[in-house]
Amino acid sequence: MPGPIQSIQRAAEVLKLLAHGGAHQLSVGEISRALDLAKPTVHGILRTLQEVGFVEQEVEGGKYRLGAALFQIGTSYLDGNELRAKALNWSDTLAMRAREAVRIGVMHGKHVLVVHHVFRPDNSRQALDTGALLPWHATALGKVLVAFGEWPDGELQRFTRHTLTDDALHTQLNDVRDRDWAYDLHELVAGEASVAAPIRDKRGVVVGAVGISGPVERLCESPDQPPRLELVSYVREAARSVSRELGGLSW
Amino acid sequence: MSYIAAIDQGTTSSRCIVFDQSGGIVSVAQREHRQIFPKPGWVEHDATEIWTNVQAVVRDALAKASLTHADIAAFGITNQRETTVVWDRRTGEPVHNAIVWQDTRTDALIKQLGDQDRFRERSGLPLATYFSGPKLRWLLDNVEGLRAKAERGEVLFGTMDTWLIWNLTGRHVTDVTNASRTMLMNLETLDWDPEPVSAMDVPLAMLPEIRSSSEVYGTYEGVPVASALGDQQAALFGQTCFTPGEGKCTYGTGAFLLINTGDQPVRSQNGLLTTVGYKIGDEPAAYALEGAVAVTGALVQWFRDKVGLISSAAEIETLARTVDDNGGAYFVPAFSGLFAPHWRSDARGVIAGLTGYISRGHLARAVLEASAWQTREVVDAMNADSGVDLTTLRVDGGMTANNLLMQFLSDVLDVPVVRPIVAETTCLGAAYAAGLAVGYWPSIEALKANWHKAAEWEPSMDPAARDKGYRKWKKAVERTVGWMDEDDD
């Protein structure tokens, strides 16, 4: 692995300095004195940051401040705890209708992070697995998140003989984008299935996925059939309700 | 298919939730109303604004699910308790802003009325600014000409249930649970008690008729209005705590632990309130012991709105998880004095244990932990009163979405904490009581079958750490009392 890249470190220092200044804007000279860097170096960094929209100047040749693009990045991040709070009612209702456990996931590096878990409503002993990481390629939650996001690097582990290969996954993710929901069948654990649908924020960006999981005999008509459409409709309705809660849908 | 619509007139907002027969949520609408702070310690609401919002959320909730009034089998009502409003019988106009339960303006009046336990035997409550009776007395003393109008029967008193039912149906009634929070109702007779009524100098003509919690009071747009329960009693009902010994703790603006004590009121020796749990139609009333904590979720809101370190309530968990512990800081949010089990109106908030080491992450932890330690205090009181230790805590309310808090709560109580599958138990309880009244649900047994565990947190804290934390918490609490002086407003 290569070491830290000095120019990125310096760019980050410049951004932090501008952020601390708040409404107070800074000149090239002020930044160069504060960070003990040569003026041409600071100027080069600012020019590059300006091109990507991370810093702005009010007038040509004037002082610098943080740019609008930076705030867009900052606000597109949805806090997992916020997502759980917004989803609470709808994940509960999904668990009641489907009579299965519900999980809400977001991508965390190469894995699906479980940000919310509702027990299967049968009062049996179950352990809360909020905070657990799931493989994306063998779960309905992960397939939804990757279908509408980026394909993470790395080897895809085979968990069962049904776990999909790269090629099969690529084809299936196209279907997921068309249908707007995903499932897994024996792919993580033989005899288990899952269904999930995307949660969108107010810009239509997929910020999470909500889904159910359980034994194939309860979720599917037969062991080699996709999950029952009634369950799919409950999952999609829950996803729409959470999206509405996030301002992602007006209907 | 028909549905039940529950109206929850809360402290910060009014909501309408439509439920189906399984207790599942079909739609939700919500509108916040203004918090009016005329002076430190004073909190008011505009009752007219609230009525406008209630009509709007009912309309919105039906529209979101493409329903009309014809699809609704009944409306149920639950409400912020003790908040007091007086209005003109003829015009329907409030004569003053509603005085909110958190308001402490009656502090001096409470002292004049005498010993804290003066009405405890009759009403189940200690003399405190919290309850409606003293707030009504303040209005009668301070709104010009009000007493004369009250004596002539021209103005009406109500808690928020009464205000809504009067606007919805035209009837002037309250339910036993709301009436049990006025200090004016006798717990045995379930009727207005002449002694506190005359001690607070309240004309009887302005008081509503006391009815059960589950019956048809009237109709709105052709739909029966069929339940009224104070919010905490509604949550008890929604958690289906119908058997003596069953209880729950709801985390909203404050936290409220209620345990069903059956058909007999139990008097507390440890600072808990005796209150009516619910009364279904002509059946005997079920009583409850209550541990009321004034500020839990309100502290998180304060941290968001007044300190600004977070932009949403849920983000406090994210901030709190940036550190491993509270760094030694304890936050006692005695913003309107301390409620159970202390009942000290002269207390004010304290952050104790501050050092240069404390970061905003530690403060976020201390804010969350305050809810858990305050619960520990009322659970200890409940255990002492009942002689039986709590074995599991059933929780509900919006703050149960906070996993860090729920785990810490389990840790400091040293019992499992369980959340049911509908966290909105307040609305669910109002829906259940209304549905029972109109035959939408056949029996309380049918409601019990709807209760399911949605999450469970197990204690995992080292006992020595728990004991030390509790010791520090108690020391921090000691530092809040006696802050207010005679010349403070």
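Residues numbered from 1 in each chain as written. Chains lettered and ligands numbered in written order. Predicted model: local features only at pLDDT ≥ 70, side-chain atom pairs only at ≥ 80, totals over all residues. Heavy atoms only, no water.

Engineer: So, the overall build of chain A: which residues are in play, and what are the values?
Structural biologist: In terms of regular secondary structure, chain A is built from nine helices and eight strands. In summary, chain A has a C-alpha radius of gyration of 23 Å against a globular reference of 18 Å for 251 residues, an excess of more than 25%. When its C-alpha atoms are laid out on the principal axes, chain A stretches across 70 × 40 × 35 Å. When each of the 251 residues of chain A is scored for burial, the buried share is 46%. Relative to all contacts within chain A whose residues are 6 or more apart in sequence, the contacts with residues 24 or more apart total 53%. (Helix = DSSP H or I, 4+ residues; strand = E, 2+ residues; numbered from the N terminus. Rg over C-alpha atoms; globule rule 2.2 N^0.38 Å. Buried < 20%, exposed > 50% of the residue type's maximum accessible area, 1.4 Å probe, protein only. Contact = heavy atoms within 4.5 Å.)

Engineer: Tell me about the pattern of salt bridges, and please be specific about residues and values.
Structural biologist: Here the structure, examined in full by the defined rule, presents 48 salt bridges over all chains. By sharing partners, the salt bridges in this structure join B:R81, B:E82, B:R181, B:D231 and B:E290 into a single network. (Salt bridge = Lys/Arg side-chain N within 4 Å of Asp/Glu carboxyl O.)

Engineer: How would you explain helix α10 (residues 297-307) of chain B if you had to name every residue and give the values?
Structural biologist: Residues and elements named next belong to chain B. Turning to α10, its buried residues are G297, A298, L299, V300 and F303. Lining the buried residues of α10 we find α11 (315-320), β17 (330-332) and α12 (360-386). Of the residues one or two after α10, G308 is the one with positive phi, at around 75°.

Engineer: Quick one: what's the story with the environment of A:T139, residue by residue and with numbers?
Structural biologist: Residue and element names in this part refer to chain A. Note that T139 resides in the loop between β5 (133-135) and α6 (140-147). As a C-alpha pair, T139 and E30 span 109 residues in sequence and 52 Å in three-dimensional space. Those residues within four positions of T139 in sequence are excluded, and the remaining contacts are V112, L134, D184, L188 and S194. Separated by 3.0 Å, the side chain of T139 and the backbone oxygen of P135 make a polar contact. Here the side chain of T139 touches G142 through a polar contact of 3.1 Å, landing on its backbone nitrogen. (Polar contact = N/O pair within 3.5 Å; in protein donor to acceptor, adjacent residues only side chain to side chain.)

Engineer: Break down the sheet that holds strand β21 (residues 453-457) of chain B for me, citing the residues and quoting the values.
Structural biologist: Residues and elements named next belong to chain B. Read from one edge to the other, the open sheet built from seven strands follows the order β15-β16-β14-β13-β19-β20-β21, with strand pairing classed as mixed. The strands lining the two open edges of the sheet, one partner per strand, are β15 (273-278) and β21. With direction set aside, neighbouring strand axes in the sheet form an average angle of 30°. (Pairing = 2+ DSSP bridges. Axes fitted to C-alpha atoms, helices over the stretch in contact; angles between N-to-C directions.)

Engineer: Break down helix α4 (residues 132-142) of chain B for me, with residues and values.
Structural biologist: Residues and elements named next belong to chain B. When you tally the buried positions in α4, you get nine out of 11 residues, the bulk of the element. When we look at burial in α4, the residues that qualify are S132, G133, P134, K135, L136, R137, W138, L139 and L140. The elements touched by buried residues of α4 are β6 (85-88), β7 (98-99), α2 (107-113), α5 (146-151), β8 (155-158) and α8 (194-199).

Engineer: Tell me about the packing of aromatic side chains, and name the residues and values.
Structural biologist: Residue and element names in this part refer to chain B. The full count for this structure, using the stated rule, is 24 aromatic pairs over all chains. For the ring pair Y130 and F339, a centre distance of 4.5 Å and an interplane angle of 40° mean the geometry is tilted. Taken together, the residues span a long stretch of sequence, with Y130 in the loop between α3 (120-123) and α4 and F339 in the loop between β17 and β18 (350-352) at a distance of 209 residues. A relative accessible area of 6% places F339 in the buried class. Through successive ring pairs, a cluster of aromatic residues spans W101, Y130, F131, F256, F339 and W343. In this arrangement the basic side chain of R105 is found over the ring face of W42, its NZ or CZ atom lying 3.8 Å from the centre. We note R394 situated over the ring of W451; from NZ or CZ to the ring centre the distance is 4.2 Å. (Phe/Tyr/Trp six-rings, centres within 6.5 Å; stacked < 30°, edge-to-face > 60°. Lys NZ or Arg CZ within 6 Å of the ring centre and 35° of its normal.)

Engineer: I'd like a description of the interface of chain A and chain B, backed by residues and values.
Structural biologist: Taken together, the contact between chain A and chain B spans 25 residues of the former and 31 residues of the latter. Summing both partners gives a buried area of about 2,200 Å² for chain A against chain B, and 51% of it is carried by carbon and sulfur. The largest per-residue losses of area from chain A upon contact with chain B belong to A:N89, A:M96 and A:N123, which jointly make up 23% of the total buried on that side. Joining chain A to chain B, the criterion identifies 14 residue pairs in polar contact (both at pLDDT 80 or more). At the level of secondary structure, the elements contributing two or more residues to the side of chain A that touches chain B comprise α5 (80-98) and β4 (111-118) of chain A. Considering each element in turn, the side of chain A that touches chain B owes the most residues, 12 residues, to α5(A). Counted by class, the side of chain A that touches chain B contains nine nonpolar, seven polar and nine charged residues. (Buried area = accessible area lost by both parts, 1.4 Å probe. Nonpolar A, V, L, I, M, F, W, Y, C, P; charged D, E, K, R; others polar.)

Engineer: Residues and numbers for the nonpolar core, please.
Structural biologist: Counting residues in each nonpolar core, the largest one holds 109 residues, and the members touching the most others are B:Y130, B:M206, B:L393 and B:L409. Residues A:L94, A:I212, B:A234 and B:A434 belong to the second largest nonpolar core, which totals 61 residues. (Core = buried A, V, L, I, M, F, W, Y, C linked by side-chain atoms within 4.5 Å.)

Engineer: Describe unusual backbone geometry, with residues and values.
Structural biologist: With omega at -5°, the peptide bond leading from B:A340 into B:P341 counts as cis. Of note, B:P341 is situated in the loop between β17 and β18. Located in the positive-phi region is A:D36, a residue other than glycine, with phi close to 60°. Looking at A:D36, the relative accessible area reads 71%, which means it is exposed. At B:T240, a position not held by glycine, the phi torsion is positive, near 50°. The residue B:T240 is located in the loop between α9 (231-238) and β13 (247-251) in this model.

Engineer: Break down the packing of helix α2 (residues 28-35) of chain A against helix α3 (residues 39-51) of chain A for me, with residues and values.
Structural biologist: All names here are of chain A. In contact at an axis separation of 9 Å, α2 and α3 are set at 115° when each is read in the N-to-C sense. As the angle between them shows, α2 and α3 are arranged roughly perpendicular. Both α2 and α3 take part in a crossing whose hand is right-handed. Within the contact between the two elements, α2 uses V28, G29, I31 and S32 and α3 uses K39, V42, H43 and L46. In the contact of α2 with α3, the residues fall into four nonpolar, three polar and one charged. (Parallel < 35°, antiparallel > 145°, perpendicular 65-115°, else oblique. Left-handed = near helix turned anticlockwise from the far one by under 90°.)

Engineer: Account for the pairing of β15(B), with residues named and values stated.
Structural biologist: Residues and elements named next belong to chain B. With six of six residues buried, β15 lies mostly within the body of the structure. Sheet topology places β15 next to strand β16 (residues 286-293); five bridges connect them, and they run antiparallel. Note on β16: the bridge partner recorded for L273 is E290.

Engineer: Tell me about the side chain of B:D20, and name the residues and values.
Structural biologist: One can find B:D20 in the loop between β2 (13-19) and β3 (25-32). With a relative accessible area of 5%, B:D20 lands in the buried category. Side chain to side chain, B:D20 and B:S22 meet in a polar contact 2.8 Å long. In contact with B:D20, other than residues within four places in its own chain, are A:R97, B:M1, B:Y3, B:V26, B:Y440 and B:W441.

Geometric values such as these leave the question of function open.
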